[in-house]
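Residues per chain, in single letters:
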Amino acid sequence: MKITMIGTGYVGLVTGTCFAEVGNDVLCVDVDPRKIAILNAGGVPIHEPGLEAMVRRNIAAGRLRFSTDIAASVAHGALQFIAVGTPPDEDGSADMRHVIAAARAIGERMQEPKIVVDKSTVPVGTADRVQATIAAALAARGVAIPFSVVSNPEFLKEGAAVEDFMRPDRVVIGATDPGAITALRNLYAPFMRNHDRLLVMDPRSAELTKYAANAMLATRISFMNELANLAETLGADIELVRQGIGSDPRIGYRFLYPGVGYGGSCFPKDVRALQHTAAQHGHPLALLAAVEAVNAAQKEVLVHKIVARLGADLRGRTIALWGLAFKPDTDDMREAPSRVIIAALVARGARVVAYDPVAMDEARRLFADASGISFAATPLAACDGADALVVVTEWQEFRSPDFMDLRRRLTTGLVFDGRNLYPPADVRAAGLEYFGIGRPVPQ
């Protein structure tokens, strides 16, 4: 199939590349010439395991191209995917300007029937708005060209997006046009060789499904963080509690890990956008308001632990910090807990020495004008002469450190484990003080 992907951000680039991987002819378009130049040179402006090699392979095969030419992109694909950003407005709503602009561009330029697919995460009712925008553009031209609008939300995890796309748990298609449904079913058939995982529903239900999924996962995270803080107060171990409730098949083990809160480009934005939509329709979601409040507070938990141990005045203290990205296998620092923790520590006078396997360039950009933070070449180098180690992101390379070596490097010998990576007894056996999330502290 000939496919146009409007937007080469995280979703658009992964989606377009994976479609090309199974033999489709994909043209990705973006208004950012710098990004297009990087992609045409075989580079990838984001960190996503396996993506760069796949981009290069499909460019070489002639199945994947990148352009800034909007007219050419509208002419290319019978399927027009809209995968532009929907950043949050100040009121928490999704900014739809780019989606509507993409729809208008299609309506102003299309010369033959098109299937327009909303891949961006968008509020309920967006398919109707896209339909109306394209229809208005066609009417202004005085032409009548058939088209359909489909909602096809993405369910990609950063750090595993290529794997998620190539082996999806489900593919949701929100459409009422039988021809469009058939086209999307054929498009996704190569990704469902084992069994059909395609769910067809109306567009509004598909749009709500995306928000509901992220809101549910965010809720599980905040619930476990609330429970962890209670467990610590009661002298219980949240890791044992997690195993106890996770063994119930009605609950399961996924997304039951306590920590320092969720971040990234999806959960925070989508929880707020869903709340905004609900409030607009007179149905405020009290549960999600609590989820968001708990998450904001959880990002401060490690700071409170550090202050309780070292005092409110951290001048003269050096804190080693492992993990800047909001999760492993990405360089994404949008709403990352590390940003809140670093800002709070520096505000109290501490010097922070940070390390992350892939997010250091992004961190240098974000903290370019900030004082009190520097970056180390290795995890252990960050600990040299530091009073404490703070673990924020659960990268694989942080999981099995030499605790005796850490003790020699850390002057005060404190470990604040924001992801409960380490058995407390092992850390303490090396002469280190250990502080986890929801884990009892010896008296």
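Details of the structure are given in the entry above.
Peer 1: Sorry, what's going on with the overall build of the protein chain here?
Peer 2: Each helix and strand counted, the protein chain has 18 helices and 14 strands in total. The globule rule puts the C-alpha radius of gyration for 443 residues at 22 Å, and the 24 Å found for the protein chain is close to it. Principal-axis analysis of the C-alpha atoms places the extent of the protein chain at approximately 75 × 45 × 45 Å. The buried share among the 443 residues of the protein chain stands at 54%.

Peer 1: In this structure, what is going on with the nonpolar core? I would like to understand it.
Peer 2: A general feature of soluble globular proteins is that nonpolar side chains tend to end up buried together. Among the nonpolar cores identified, the biggest contains 61 residues, and Trp 322, Leu 324 and Tyr 422 are the most heavily contacted of them. Considering each element in turn, this core owes the most residues, six residues, to helix H13 (residues 301–310). Ignoring anything within four residues of it in the chain, the contact list for Leu 324 reads Met 333, Ala 336, Ser 338, Ile 342, Ala 354, Tyr 355, Asp 356, Ala 359, Met 360, Ala 363, Phe 375 and Thr 393. If you look at the next biggest cluster of nonpolar residues, it comprises 41 residues, including Cys 18, Leu 64, Ala 83 and Ile 181.

Peer 1: Mind showing me how you'd approach the sheet that holds strand E11 (residues 373–375) here?
Peer 2: As a general point, the strands of a sheet are linked pairwise by backbone hydrogen bonds and lie either parallel or antiparallel. In space, the six strands of this open sheet follow the order E11-E10-E9-E12-E13-E14, with parallel pairing throughout. The outermost strands of the open sheet, each flanked by one partner alone, are E11 and strand E14 (433–435). Across the sheet, the mean angle from the axis of one strand to that of its neighbour is 20 degrees, orientation sign disregarded. Sheet topology note: the strand E12 (residues 388–391)/strand E13 (residues 414–417) ladder contains four bridges and is parallel. Directly across from Val 390, in E13, lies its bridge partner Phe 416. Contacting strand E9 (318–322), E12, E13 and E14, H13 crosses the sheet at an angle of about 160 degrees to E13. Helix H14 (residues 337–347) contacts E9, strand E10 (351–355) and E11 of the sheet and is inclined by roughly 175 degrees relative to E9.

Peer 1: Help me understand the packing of aromatic side chains, please; the structure alone is not making it clear to me.
Peer 2: The description of two aromatic rings rests on the distance between their centres and on the angle between their planes. In the structure shown here, the tally under the stated rule is 13 aromatic pairs. Chaining the aromatic ring pairs together yields one cluster made of Phe 19, Phe 81, Phe 165, Tyr 188 and Phe 191. Just above the ring of Phe 155 sits the side chain of Arg 170; from NZ or CZ to the centre is 3.8 Å.

Peer 1: It is not clear to me how the environment of Lys 119 should be interpreted in this structure. Could you clarify?
Peer 2: With respect to the element layout, Lys 119 can be found in the loop between strand E5 (114–118) and helix H6 (126–141). When the C-alpha atoms of Lys 119 and Gly 244 are compared, they prove to be 38 Å apart, with 125 residues separating the residues in sequence. Residues in contact with Lys 119, not counting those within four places in the same chain, are Val 11, Thr 15, Phe 81, Ile 82, Ala 83, Asn 152, Pro 153, Glu 154 and Tyr 188. Among the polar contacts listed, one links the side chain of Lys 119 to the side chain of Asn 152, at a separation of 3.0 Å.

Peer 1: I tried to follow unusual backbone geometry on my own but got confused; where do I start?
Peer 2: Peptide bonds are, in most cases, trans, and in most cases residues other than glycine have a negative phi. The backbone of Asp 329 sits at a positive phi, close to 65 degrees, despite the residue not being glycine. Summarising the element assignment, Asp 329 is placed in the loop between E9 and H14. On the basis of relative accessible area, Asp 329 is assigned to the partly exposed category, the value being 35%. Phi angles above zero are rare outside glycine, and Glu 335 is one such case at about 55 degrees. Tracing the backbone shows Glu 335 in the loop between E9 and H14. For Glu 335, a relative accessible area of 28% gives the class partly exposed.

Peer 1: Whenever I open this one, the side chain of Gln 298 confuses me. Can you help?
Peer 2: Among the secondary structure elements, Gln 298 is positioned in helix H12 (residues 286–298). A polar atom in the side chain of Gln 298 sits 2.9 Å from the backbone oxygen of Gly 259. With residues up to four places along the chain from it excluded, the contact list for Gln 298 reads Asn 225, Asn 229, Gly 259, Val 260, Gly 261 and Ile 437.

Peer 1: Help me understand the pattern of salt bridges, please; the structure alone is not making it clear to me.
Peer 2: As enumerated under the stated definition, the model contains 29 salt bridges in all. A salt bridge links Lys 269 to Asp 270; its shortest N-O distance comes to 3.1 Å. When its relative accessible area of 14% is taken as the criterion, Lys 269 is described as buried. For Glu 362, the salt bridge is made with Arg 365, and the minimal N-O distance between the two is 2.6 Å. Note that Glu 362 and Arg 365 are positioned in helix H15 (residues 360–366) at a spacing of three residues, about one turn of the helix. For Arg 365, a relative accessible area of 54% gives the class exposed. Through salt bridges with shared partners, a single network forms among Asp 384, Asp 405, Arg 408 and Arg 409.

Peer 1: Is there a simple way to explain the side chain of Lys 119 in this structure?
Peer 2: Of the side chains bearing the opposite charge, Glu 154 lies closest to the buried Lys 119, which forms no salt bridge; the N-O distance is 7.1 Å. Here Tyr 188 takes part through its side chain, which lies 3.0 Å from a polar atom of the side chain of Lys 119.

Cut-off values and rules
Residues numbered from 1 in each chain as written. Predicted model: local features only at pLDDT ≥ 70, side-chain atom pairs only at ≥ 80, totals over all residues. Heavy atoms only, no water. Helix = DSSP H or I, 4+ residues; strand = E, 2+ residues; numbered from the N terminus. Rg over C-alpha atoms; globule rule 2.2 N^0.38 Å. Buried < 20%, exposed > 50% of the residue type's maximum accessible area, 1.4 Å probe, protein only. Core = buried A, V, L, I, M, F, W, Y, C linked by side-chain atoms within 4.5 Å. Contact = heavy atoms within 4.5 Å. Pairing = 2+ DSSP bridges. Axes fitted to C-alpha atoms, helices over the stretch in contact; angles between N-to-C directions. Phe/Tyr/Trp six-rings, centres within 6.5 Å; stacked < 30°, edge-to-face > 60°. Lys NZ or Arg CZ within 6 Å of the ring centre and 35° of its normal. Polar contact = N/O pair within 3.5 Å; in protein donor to acceptor, adjacent residues only side chain to side chain. Salt bridge = Lys/Arg side-chain N within 4 Å of Asp/Glu carboxyl O. Lys, Arg positive; Asp, Glu negative; His and termini not counted.

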